[in-house]
Amino acid sequence: MIIERLHRRIAIALPVVGFIIAVFFCNNINASQETVKLPDEKAKVVKEHPNYHHVTTDDSVRFVVDHPAFNGFGDYLLPWESREEQLDIKLSDVSSLLPYHSHVNPDVVVDALNYMIDEVSDGHDIFYDFYTERQKQLDPAKQTAGLFFFKGKPGAPFAVICPGGGFAYVGSLHEGFPHAVDLSKKGFNAFVLKYRSGSGLKASEDLAAAVSYIFQSADLLEVGTEAYSLWGSSAGARMVGDIALNGVAYYGGLDIPKPGAVVIAYTGHTIYSPGFPPTFITVSEDDPIAKASGVDRRVNNLERAGVKVEYHRFKRAGHGFGTGVGTDAEGWIDDAARFWQENMKNN
């Protein structure tokens, strides 16, 4: 009798114990899943989840936007934010998102995105707000402005890269992130500016605010502020020209020195002055938007004003050629970085 009662009690107890154990493990699994969703624990997510995959040209734009490495700012990687129709496009067709750009190479775009994913995997923050919450409340359009950071050597000078897009969109995927990767690999600190579209003036104000933020946060970011450079392509080059002509404070930023060098790619902007920083300029003869003849005149005007200029005039790169991969402009980023470095000595 005693043995039979014992058997009955064990038979009743075993399912209960199993249920308690199952609940315990489920709760812990759920807690782990909830932990990795926290935006301020990106590095922990990477270490605990080896499936923090690289993207490929077969992936969709939506996959990039939703990628956990870009949690909280994935939409700002794109030319336009909050446009549903662009999300289902494959990265192999990324050129369709950049109508003002030529020679868009999907492999170059993907390599830059994966470099950024690896930076997050190593525990680095790669996106920074430079407007305060108060400023964003007063102007909601500032919510989408920010800086993507590509770390170089601690204390090395920084560059801010301003992609183009006719002030209709921001072409960071093609002529922002790949440029920054190249500069970061050379040891420079590089930032890619996500600015407000729709207004050249507001975009230049964003650039001034971004440079001011970097100066104020130089110790935190571990960047050197002497002989910094500004890089701009097409519409982005207009912004760089504005700062080169008028300075940062003119557009609402701090009263800080002009850049040690500016890099201006394929723009019809014609402004110049004797106070321009050393200037690297590039364009292609077959550019249908920024006519090479107009760039020639600007270069001549700058040189007559006493500005140090290096001019690269290509033949078959079109407009918006980015890093120039696949064209006769390939390698121009190296030349521009050398020009910047040479002119650091004069600052």
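Look a little higher up for the structure.
Residues numbered from 1 in each chain as written. Predicted model: local features only at pLDDT ≥ 70, side-chain atom pairs only at ≥ 80, totals over all residues. Heavy atoms only, no water.

## Comments concerning the layout of surface pockets
Next up, step 1: As a volume, the largest pocket reaches approximately 240 Å³.
Next up, step 2: Lining the largest pocket are 15 residues, with V108, P178, V181, D182 and T323 positioned closest to its centre.
Next up, step 3: Put simply, the parts of the chain that give the lining of the largest pocket at least two residues each are α4 (106–121), α7 (177–185) and α12 (332–344).
Next up, step 4: A per-class count over the lining of the largest pocket returns eight nonpolar, two polar and five charged.
Next up, step 5: Approximately 180 Å³ is the volume found for the second largest pocket.
Next up, step 6: For the second largest pocket, the lining is made up of 14 residues, of which Y131, Q135, A209, G252 and G253 are closest to its centre.
Next up, step 7: When residues of the lining of the second largest pocket are assigned to their parent elements, the largest contribution, five residues, is made by helix α8 (residues 200–216). (1 Å grid on protein atoms, 1.4 Å probe; cavity = no way out; pocket = protein on both sides within 12 Å on 5 of 7 lines; lining within 4 Å. Points joined across faces, edges and corners; volume = space filled by probe spheres on them. Helix = DSSP H or I, 4+ residues; strand = E, 2+ residues; numbered from the N terminus. Nonpolar A, V, L, I, M, F, W, Y, C, P; charged D, E, K, R; others polar.)

## Here we look at the packing of α4 against α7
Next up, step 1: Across the interface, α4 lies against α7 with an axial gap of 9 Å and an inter-helix angle of 55 degrees. Considering their axes alone, α4 and α7 lie oblique with respect to each other. Crossing angle aside, the handedness with which α4 passes α7 is left-handed. Where α4 approaches α7, its residues V108, A112, Y115 and M116 are matched on the opposing element by F177, P178, V181, S184 and K185. (Axes fitted to C-alpha atoms, helices over the stretch in contact; angles between N-to-C directions. Parallel < 35°, antiparallel > 145°, perpendicular 65-115°, else oblique. Left-handed = near helix turned anticlockwise from the far one by under 90°. Contact = heavy atoms within 4.5 Å.)

## Regarding the pairing of strand β2 (residues 146–150)
Next up, step 1: Burial analysis of β2 places five of its five residues in the buried class, the great majority of the element.
Next up, step 2: Because side chains alternate across β2, one face comprises the buried residues G146, F148 and F150, and the other comprises L147 and F149, equally buried.
Next up, step 3: As defined by bridge partners, strand β1 (residues 127–128) adjoins β2 across two bridges and the pair is classed as antiparallel. Residue pairing for β2: Y128 is matched across the bridge by L147.
Next up, step 4: Examined bridge by bridge, β2 and strand β4 (residues 189–194) share five bridges and lie antiparallel to one another. Note on β4: the bridge partner recorded for F149 is F191. (Buried < 20%, exposed > 50% of the residue type's maximum accessible area, 1.4 Å probe, protein only. Pairing = 2+ DSSP bridges.)

## With respect to α12
Next up, step 1: Between its first and last C-alpha, α12 extends 19 Å over 13 residues, near the 18 Å set by a 1.5 Å rise per residue.
Next up, step 2: Among the residues of α12, W332, I333, A336, A337, F339, W340 and N343 are the ones counted as buried. Burial along α12 is one-sided: seen end-on, the buried residues are contained in an arc of 155 degrees.
Next up, step 3: Each element contacted by the buried residues of α12 is listed here: β3 (157–162), α7, β5 (224–233), β6 (261–265), β7 (279–284) and β8 (309–314). (Expected span 1.5 Å × (residues − 1). Arc of directions from axis to C-beta.)

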